[in-house]
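So you can see what is in the structure, the chains are spelled out below.
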Amino acid sequence: MSTAAVFGGEGAVPAEAFDDGPAPKRIVVAYGFWIFLLSDIVLFSALFATYAVLVNATAGGPAGAQLFSQTRVAIETGCLLVSSYTCGLMWMAIGARNPTATYLGAAVTFVLGAAFLVLEFSEFAGMIAAGATPQRSAFLSAFFTLVGCHGAHVTLGLVWLTVMMAQVATKGFLPAVQRRLACFSLFWHALDIIWVGIFTVVYLMGIR
Amino acid sequence: MSSTQSHDRAPGDDTPIQTGGEAFSELLVYTTGFVLAIILTAISFWAANTSLLWPPGVPLGLAVLAIAQMGVHLVFFIHITTGRDNTNNVLALAFGILIVLLVVAGSLWIMTNLNANMVAPGELMNLHMQH
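Residues numbered from 1 in each chain as written. Chains lettered and ligands numbered in written order. Predicted model: local features only at pLDDT ≥ 70, side-chain atom pairs only at ≥ 80, totals over all residues. Heavy atoms only, no water.

1. Digging into the overall build of chain A
- On a plain count of helices and strands, chain A comes out with seven helices and zero strands.
- In summary, chain A has a C-alpha radius of gyration of 23 Å against a globular reference of 17 Å for 208 residues, an excess of more than 25%.
- The buried share of chain A, reckoned over its 208 residues, is 48%.
- Partitioning the contacts of chain A with sequence separation of at least 6, the portion at a separation of at least 24 is 81%.
- For chain A, the accessible surface area stands at approximately 8,700 Å², while carbon and sulfur atoms represent 71% of it. (Helix = DSSP H or I, 4+ residues; strand = E, 2+ residues; numbered from the N terminus. Rg over C-alpha atoms; globule rule 2.2 N^0.38 Å. Buried < 20%, exposed > 50% of the residue type's maximum accessible area, 1.4 Å probe, protein only. Contact = heavy atoms within 4.5 Å. Areas by Shrake-Rupley, 256 points an atom, 1.4 Å probe, with all protein chains shown as cover.)

Okay, here's the thing in structure tokens:
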């Protein structure tokens, strides 16, 4: 009896189970960027832990319930969620090599991200004008660090998106450009995941 | 993209161009995730603002909803699956979650303990911490 017969003969196990070869570069690049994103999420977990420890340390200053506007947070959340969806649609347009749909998806994603930032900056400006500055209490220091760090990531994402659209315009859908766009869409979706944590822990739990 | 095609490709090759059927199923995945995320977000905002629910239970409910929504984002937007080519991503994610849990739960546990054990200078702490 041959070995092939023992294992059920040729074709019993799909050939692809053995003949993988090295993984394509796009898989490797996405994996490396995924590890970076996880390290970024670990950084945010430290900021979340700091905030949760200091949330009651208001030092006689304003607490979250007096500062946070539910409507503004709901609109911010909507902006980021829809922009995550349009980022997915942009990724599909890239898969179909459709430049017009790619630009359209990127433009909508950019506008929604920018709208989120405008709302966040106006919130910060209003708080600082009312005397709720980062120096006022440990609670406010932790708040501005956590939410501001997320806002800085969104700002960086918008710059990155602009650069990527310039690359699509000048270089077209080269494999390298596609890999960078894949990393960008991972980054943008990860920012939305962190925002889910922020609106739950900071804003929704904060008004109670 | 068929599996045989993807294995015949050399590393660094182009991503295959999508056909209409694949694009439709991908659109379905994104849209499903989007709808689920909207529903979970809406429930979160409702639960935080309603007076119908038992107030001490609401933060736990909000945490569960947030974790569920993060799961939806991971599966439908970031496309973490149980597929063979995703094993490394899942393992890295599991390690990331472990570290996040250690950092958050560990910090809260230790700091709560410290606060509770500050008996003698408790009033002094209260001035700063309002605990």
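2. Quick word on the nonpolar core
- One finds Trp 34, Met 90, Phe 143, Ile 198 and Tyr 203 of chain A to be the most contacted residues of the largest nonpolar core, which totals 66 residues.
- When contributions to this core are tallied by element, the ones reaching two or more residues are helix H2 (25-54), helix H4 (70-95), helix H5 (99-129), helix H6 (138-171) and helix H7 (175-204) of chain A together with helix H2 (20-49), helix H3 (58-77) and helix H4 (87-117) of chain B.
- Take this core: its biggest share by element is 18 residues, from H7 of chain A.
- Other than its neighbours up to four places away in sequence, Phe 143 of chain A contacts Tyr 51, Phe 68, Glu 123, Phe 124, Met 127, Gly 148, Val 202 and Tyr 203 of chain A. (Core = buried A, V, L, I, M, F, W, Y, C linked by side-chain atoms within 4.5 Å.)

3. With respect to the interface of chain B and chain A
- If you look at the interface, chain B gives 56 residues, while chain A gives 55 residues.
- When chain B packs against chain A, the two sides together hide about 4,900 Å² of surface, and 69% of this comes from carbon and sulfur.
- Run the count over chain B and chain A and you get three residue pairs in polar contact (both at pLDDT 80 or more).
- Going through the elements one at a time, helix H1 (3-8), H2, H3, H4 and helix H5 (122-129) of chain B are the ones with two or more residues in the side of chain B that touches chain A.
- Top contributing element to the side of chain B that touches chain A by residue count: H2 of chain B, with 14 residues.
- Of the residues contributing to the side of chain B that touches chain A, the split by class is 33 nonpolar, 19 polar and four charged. (Buried area = accessible area lost by both parts, 1.4 Å probe. Polar contact = N/O pair within 3.5 Å; in protein donor to acceptor, adjacent residues only side chain to side chain. Nonpolar A, V, L, I, M, F, W, Y, C, P; charged D, E, K, R; others polar.)

4. Notes on the confidence of the model for chain B
Residue and element names in this part refer to chain B.
- Across chain B, pLDDT averages 82, with 78% of residues at or above 70.
- No element of chain B has a lower mean pLDDT than H1, at 43, and none a higher one than H3, at 95.
- Note on residues 1-12: pLDDT is under 50 here. Beyond four places in sequence and across chains, it has 17 contacts.
- Of the two predicted TM-score estimates for the complex, the pTM is 0.85 and the ipTM is 0.85. (pLDDT = per-residue confidence, 0-100.)

5. Digging into the environment of Leu 117 of chain A
Residue and element names in this part refer to chain A.
- Here Leu 117 shows up in helix H5.
- Since its relative accessible area comes to 8%, Leu 117 is described here as buried.
- Residues Leu 117 and Leu 80 lie 37 residues apart in sequence; the distance between their C-alpha atoms is 9.9 Å.
- Beyond its immediate chain neighbours, meaning those up to four positions away, Leu 117 contacts Gly 151, Val 154, Thr 155 and Leu 158.

6. Topic: the packing of aromatic side chains
Residues and elements named next belong to chain A.
- The tally for this structure, following the rule as stated, stands at 17 aromatic pairs over all chains.
- Each ring, one from Phe 124 and one from Phe 143, has its centre 6.0 Å from the other, and the planes form 70°; the classification is edge-to-face. Placement of the pair is Phe 124 in helix H5 and Phe 143 in helix H6, with a sequence separation of 19 residues. With respect to class, Phe 124 is no different from Phe 143; both count as buried. (Phe/Tyr/Trp six-rings, centres within 6.5 Å; stacked < 30°, edge-to-face > 60°.)

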